Amino acid sequence: MGYTNVRYYVGGMADWVEGCGPVERVESPAVPRQPARNIQPSSPRRLAWANCLGILANWPLEQLVGFWLGIIIFFGLVYWIAGIGMGWGLQAGNATVKPDLDGLGTAIYFSFVTALSIGYGDVIPLGPLRILAVTEGIAGLLIFGCVISKLVSRRQEELVEEIHRTTFEDRLDRVRTNLHLILSDFDAIDQINREHSALPGLVLRRLESSERVFAGELKTIHDLLYRTRLLPEEDALESLLANLALCLTALIDLLNSQPQRSAALDADLKTISNLANEICGECVPRTYAPALKRWMDQIQEMAKRIA
Amino acid sequence: MAKVQAKETVTSGQPISRDEILSRLQDPAFMLVNVMPKETFDAGHIPHSINLPVAEIEKKARQVLPLLDREITVYCMGST
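Cut-offs and rules
Residues numbered from 1 in each chain as written. Chains lettered and ligands numbered in written order. Predicted model: local features only at pLDDT ≥ 70, side-chain atom pairs only at ≥ 80, totals over all residues. Helix = DSSP H or I, 4+ residues; strand = E, 2+ residues; numbered from the N terminus. Buried ≥ 20, exposed ≤ 12 C-beta atoms within 10 Å, placed from the backbone. Expected span 1.5 Å × (residues − 1). Arc of directions from axis to C-beta. pLDDT = per-residue confidence, 0-100. Contact = placed C-beta atoms within 7 Å. Pairing = 2+ DSSP bridges. Axes fitted to C-alpha atoms, helices over the stretch in contact; angles between N-to-C directions.

Caption draft 1: Inspection of the environment of Leu151(A) at higher detail. Residues and elements named next belong to chain A. Along the chain, Leu151 turns up in helix H5 (residues 129-194). Look at Leu151 and you get exposed, because 10 C-beta atoms sit within 10 Å. Between the alpha carbons of Leu151 and Leu61 there is a distance of 7.7 Å; along the sequence they are 90 residues apart.

Shown next as structure tokens:
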């Protein structure tokens, strides 16, 4: 490339991490790290309480239930304390609830009855406490609604996870099958090439078409290695890489015996070479068994011989 | 092809040690180039290093590294 002053860090990232050097990460929004959905309040005109609901909806179930109980007890304490200093408080029957231990029990009981929207009516709030009681009623209902919907959505999330996994396995199968078809196609082109009675340009056309499909499959494999949350099973991946190596071998032989090129073909070959080159045993974000690494190295080796 | 060229440049260049990199991390004239694919770069890289995947060397090298005689340090995942 013309660069004259290039130095090389021999150990690379592995050595750096081993020496506990500082590592920087880039958060990529394309691959979500947690399966939990985040409900984002999108429109800025939503009311403040609607935003609070959004925040509540992101909490885990246990935290939500704990929060609900906490609110009830907090309100109960407020009712009880209100009965001490102020003239108003709760009323049970005809008597005002006294600010003693018995009163505390009654206050908390009233708090529960209000939050669960039961409302027996044996204990009633007086004066400004009524506003508080109504607020507690609303809050209790909303939080309870959140809790119920979380329970329901748990099952849904399990189902979605299952669908993702099935789709992923289908994709893996499809790529394997396509690689086999591409291999057959390369062999067929080779056959046509040997029969010198082939029409000029026919071989080139078929080659171009196969190249394009091959490049597409390589892109899918690249995504499978780098961009998925789900781990492909090692033997499925190994058979996939083996098939890929076969295709590349067939391609190299074909290119050697078939000197015709075109601009489109060269562009495709370059793409294929680059993508295959990036299937690097050390660069993929997970560590694989040595057998897979050997396949990846082989594929990289062949990638150099293509372009 | 690009990788072969890069390797030729690489094996004829001088090695650099981890300690030297550590000491020169804050140096603004120190050019650290990561040649791994973008996703691997995102997952973790040495601070102040730039990403230039091997596949894009030909296209983007001139933009990212305009000066030919400036000192650049290249690294990958391991001893590739």
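Caption draft 2: Helix H4 (residues 101-115) of chain A, seen in detail. Residue and element names in this part refer to chain A. Spanning 15 residues, H4 covers 21 Å between terminal C-alpha atoms, matching the ideal 21 Å at 1.5 Å per step. Taken residue by residue, H4 has Thr106, Ala107, Phe110, Ser111, Thr114 and Ala115 as its buried positions. When H4 is viewed along its axis, its buried side chains cluster within an angular range of 160° and face the same direction. Exposed and facing more than 90 degrees away from the buried side of H4 are Leu101 and Asp102. Positive backbone phi, approximately 50°, marks Ser117, located one or two places after H4.

Caption draft 3: Seen up close, the confidence of the model for chain B. Of all residues in chain B, 79% attain a pLDDT of 70 or more, and the chain-wide mean is 72. Taken together, the stretch residues 1-11 of chain B has pLDDT below 50 and engages in 20 contacts with residues farther than four places along the chain or on a different chain.

Caption draft 4: Representation of the sheet that holds strand S4 (residues 72-75) of chain B. Within the open sheet, the 5 strands sit side by side as S1(B)-S1(A)-S4(B)-S2(B)-S3(B). Their pairing is parallel. What marks the edges here is a single partner per strand, and that holds for strand S1 (14-16) and strand S3 (49-51) of chain B. Taken over all neighbouring pairs, the strand axes of this sheet differ in orientation by 35° on average, direction set aside. Two strands pair when backbone bridges link them, and strand S1 (residues 6-9) of chain A and S4(B) are joined in this way by 3 bridges, in the parallel orientation. Each bridged residue has a counterpart across the sheet, and for Val6(A) the counterpart in S4(B) is Ile72(B).

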